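Chain by chain, the residues:
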Amino acid sequence: MRENTKSKYTKDGVLNLLRERILSGKTSAGQKLNETGLASELQISRVPVREALQRLEEMGLVMTVPRKGKFVVNLTVEEVQKINSIRLIFEVEALALCRRNLGSSARRILSALADKMESDETIDYNEVSRLDLEFHRTIWSQSGNEYLEKALTMITTPLFAHRAVSHHNSLVNRSILRHHRVLFEYVTGSSRRTPGEIMMEHLSMGYPHPERFSSLALRRESRNSLRR
Amino acid sequence: MPNSTRLRSRFEPLEAETYKDRVVNLITEAILNGRVKAGERLNESQLARELNLSRIPIREALQTLEEMGLVVNVPRRGTFVISLSEDNIQKINSFRLVGEAEALRLCRANITSEKLHQLIRLLERMEKTSSQTETWKLELEFHRAIWRFSGNEYLEKVLTATIIPLFAHGIVTSFGSEVAGLRAKHHWSLLEYVRGRSQQSAEEVMMEHLKGGFHNPERFSSYSPTVKSTLSRQTKR
C-alpha cells in the first residue's frame, strides 16, 4: 500500500470529517458528494475518500443515485411515510416477540436507556438519535428472529440518518423521548394495551401519518366510512 | 476500452460481461443439476483454473450469484452455495407471514384487471410446467408481483432481500424431487384473496399457504403459541 506522507487525514479521519460535516449541516441534505472534488480538496488520493463514502452509505447518511452519483441522504415526506408504514408493521411484530423473549440483560439495557431519555440533562440531537436507535435495536434483537431484526435495520437506517441530517438544529422533543417508557412497559409485560396501538402512538409523535402507506390506512378509511 | 474505438473495430466487441454471465450460467446449472451441492464451498482460484479464466470474471460472477441469493459470502471463510437450516427456514417464513400478509392487503386495495391477469397468467404457467426448478422460479415471480403491487417500494425491497434466499434454497435443494404441478394449487387461494373473494384474513391465507410447503412456518412469529419454550435464545440467559 502506498502511503501519502503529506496527507493530513487517515482513513478514519476522512470518515469522521465527512460525517461531522453532514451531521452538523455544513454539507446539507441532498447535496452531491463528489469523490474527485473531495480528494483534491483534502489533498488525498481517491481511495480513502471512496472508502469513507462507502462507509457513510452503510450508515445511511449517503445514498447512491444510479448514473448520478452519491448524495447526502434526503427523503421526501412521502418516502418517510412509506418507510414508517412498513416499520410500523414489523416493529409491532418485534414488540410482541420481545415481550415473550426479553432476557434479563436486555431488560437492564432498555431500562437504563429509558431512564436516560427521561432525564433532564441537556443532550444534543445526535446523542438523542443514538439513544433512540439503540433502544429500538435492543427490542429487535430480542425478537428471536434475526431476519426480522435485519429487515428492520435495513428499513430504518436511512430514516434515522435522514432525521439526524435534517434535524440537527431542532429542539430535542422530550415527549417522544419519554414515550419510550411506554414501549418499555409493554415489553416488560406491565401494559394491557396492544402493541399496534402503542407503536402507532409512538411513531405519530414524530411523524405526520406514519401509517399512510400501510394497510392500517385502508382500515381506518373503512372505519371512518362506517362512522359516517 | 472507450466506446469510439469499439465502433470502428472490425471485430464484435467481447464485452467483459460475457465471461461473467457465462460463468453465472455455468455455476447456476451445476447447482441446479446437483453437481455442486447445497452448502458446498466455491473456491475462486479453483474455479478460475477449472474454467481456464482469470479470477476477475469469477469474482464478478460470484457477486452476481450472491445478489441472486444462490450463494452466500461468509467473511474470511469464502463463498458457499446457499443452505438454510430448518431454524432459518422457519425464521424467514415467520417473517413472511407478517410481511407478505401486509403486501397481500395492499395488493388487494390496489388491484386492477391488468394486474390480476398478470397473476393469473403466472399461475397457469405454473400449472403446466413439470420442472421443479421452473416451478420455483414462477412461484417467486408470482410472489414478487404481489409485493410490487403493494405500491410501497420499500416493502417490496425488504421482502425481496429477506425472502429470496429461501427461494434460492428451494431451487438448490429441490432437484429431482416431488411433483411440480402440485405447488400451483397453493397459490390460487392467494389470488382469491387479492381479488376480494376470500372471507379469511390475510394472515390466515398466508399461514395456510406456507403450511402447504413448510413445517411450522409460524414458529418464530407472534402467531406461534410456543415461541417461549422453543427459542434457543432462552437457554443462553
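Everything discussed here concerns the structure shown above.
Here's a quick rundown of the structure. Here the residue numbers are simple positions, counted from 1 along each chain's written sequence. Written order decides the labels, with chains lettered from A and ligands numbered from 1. Only residues with pLDDT of 70 or above have their local features reported here, since the model is predicted, and side-chain atom pairs are shown and tallied only from 80 upward, although totals for entire chains, interfaces and linings are computed over all residues. With hydrogens and water excluded, all non-hydrogen atoms of the structure serve as input to the side-chain values.

This part covers the overall build of chain A. Strands are runs of DSSP state E lasting at least 2 residues, helices are runs of H or I lasting at least 4, and numbering of each runs from the N terminus. The helix and strand tally for chain A stands at 10 helices and 3 strands. Along chain A, helices and strands appear, N-terminal first, in the series α-β-α-α-β-β-α-α-α-α-α-α-α. Over its C-alpha atoms, taken along the principal directions, chain A stretches across nearly 65 × 45 × 35 Å. The 228 residues of chain A split such that 47% are buried. Should any heavy atoms of two residues lie within 4.5 Å, those residues are considered in contact. In chain A, the share of contacts with a sequence separation of at least 24, taken over all contacts with a separation of at least 6, comes to 72%. As displayed, chain A offers around 11,900 Å² of accessible surface, 50% of which is attributable to carbon and sulfur atoms. Under the convention used here, Asp and Glu are negative, Lys and Arg are positive, and both His and the chain ends fall outside the count. The atoms used to mark charge sites are NZ of Lys, CZ of Arg, CG of Asp and CD of Glu. Charged side chains of chain A number 36 positive and 27 negative; the gap between the two group centres comes to 4 Å. Burial classes follow relative accessibility: with a 1.4 Å probe on protein chains only, a residue under 20% of its type's maximum area counts as buried, one over 50% as exposed, and anything between as partly exposed. Here the Shrake-Rupley method, with its probe set to 1.4 Å, supplies the accessible areas, and only the displayed protein chains count as covering residues.

In this section: helix H6 (residues 113-128) of chain B. All names here are of chain B. Take the residue count of a helix, subtract one, and multiply by 1.5 Å to get its expected span. Along its 16 residues, H6 runs 23 Å from first to last C-alpha, staying within 8% of the 22 Å computed at 1.5 Å per residue. When we look at burial in H6, the residues that qualify are Leu116, Leu119, Ile120, Leu122, Leu123 and Met126. The arc that holds every buried residue of H6, seen down its axis, measures 155 degrees, which confines them to one face. Opposite the buried face of H6, by more than 90 degrees, sit the exposed residues Ser113, Glu114 and Lys128. An arc is given here, and it is the one of the directions from the helix axis to the C-beta atoms.

Before going further, it helps to spend a moment on the pairing of strand S2 (residues 71-74) of chain B. Residues and elements named next belong to chain B. Strands are labelled as partners when DSSP assigns at least two bridges between them. Here S2 runs beside strand S3 (residues 78-81); their pairing, made up of 4 bridges, is antiparallel. Bridge pairing links Val72 to Phe80 in S3. The antiparallel pairing of S2 with S3 creates a hairpin that spans 3 residues between the two strands, and Arg76 there sits at a positive phi of about 65 degrees.

All names here are of chain B. Following the sequence through the fold, Gly212 ends up in the loop between helix H10 (202-211) and helix H11 (227-230). Accessibility expressed as a relative area gives 32% for Gly212, which makes it partly exposed. Spatially, the C-alpha atoms of Gly212 and His186 are 6.5 Å apart, while their sequence positions differ by 26 residues. Beyond its immediate chain neighbours, meaning those up to four positions away, Gly212 contacts Arg183 and His186.

Residue and element names in this part refer to chain B. Taking 1.5 Å per residue as the helical rise, helix H4 (residues 55-67) with its 13 residues ought to reach 18 Å, and the 18 Å between its terminal C-alpha atoms agrees with that figure. Looking only at H4, the buried set comprises Pro57, Ile58, Ala61, Leu62, Thr64 and Leu65. Across the axial projection of H4, the buried residues extend over an arc of 160 degrees, all falling on one side. Facing away from the buried side of H4, by more than 90 degrees, are the exposed residues Ile56 and Glu67. Taken from the residues just after H4, Gly69 is the one with a positive phi, measuring 85 degrees.

It is common to give the size of an interface as the accessible area lost on bringing the parts into contact. With 32 residues of chain B at the contact, the number on the chain A side is 31 residues. Buried area is a sum: the accessible area each of two parts loses on coming together, probed at 1.4 Å, counted once for each and added. Summed over both partners, the interface of chain B with chain A buries about 2,700 Å², with 59% contributed by carbon and sulfur atoms. Salt bridge criterion: a side-chain nitrogen from Lys or Arg within 4 Å of a carboxyl oxygen from Asp or Glu. Taken together, chain B and chain A are joined by 2 salt bridges. Note that Glu146 of chain A and Lys91 of chain B form a salt bridge whose closest N and O atoms lie 2.9 Å from each other. For this analysis, a polar contact is any N or O atom pair within 3.5 Å, provided that within protein one partner can donate a hydrogen and the other can accept it, and provided that sequence-adjacent residues contribute only side-chain to side-chain pairs. Summed over the shared surface of chain B and chain A, the result is 9 residue pairs in polar contact (both at pLDDT 80 or more). The biggest single contributor to the side of chain B that touches chain A is helix H5 (residues 86-110) of chain B, with 11 residues.

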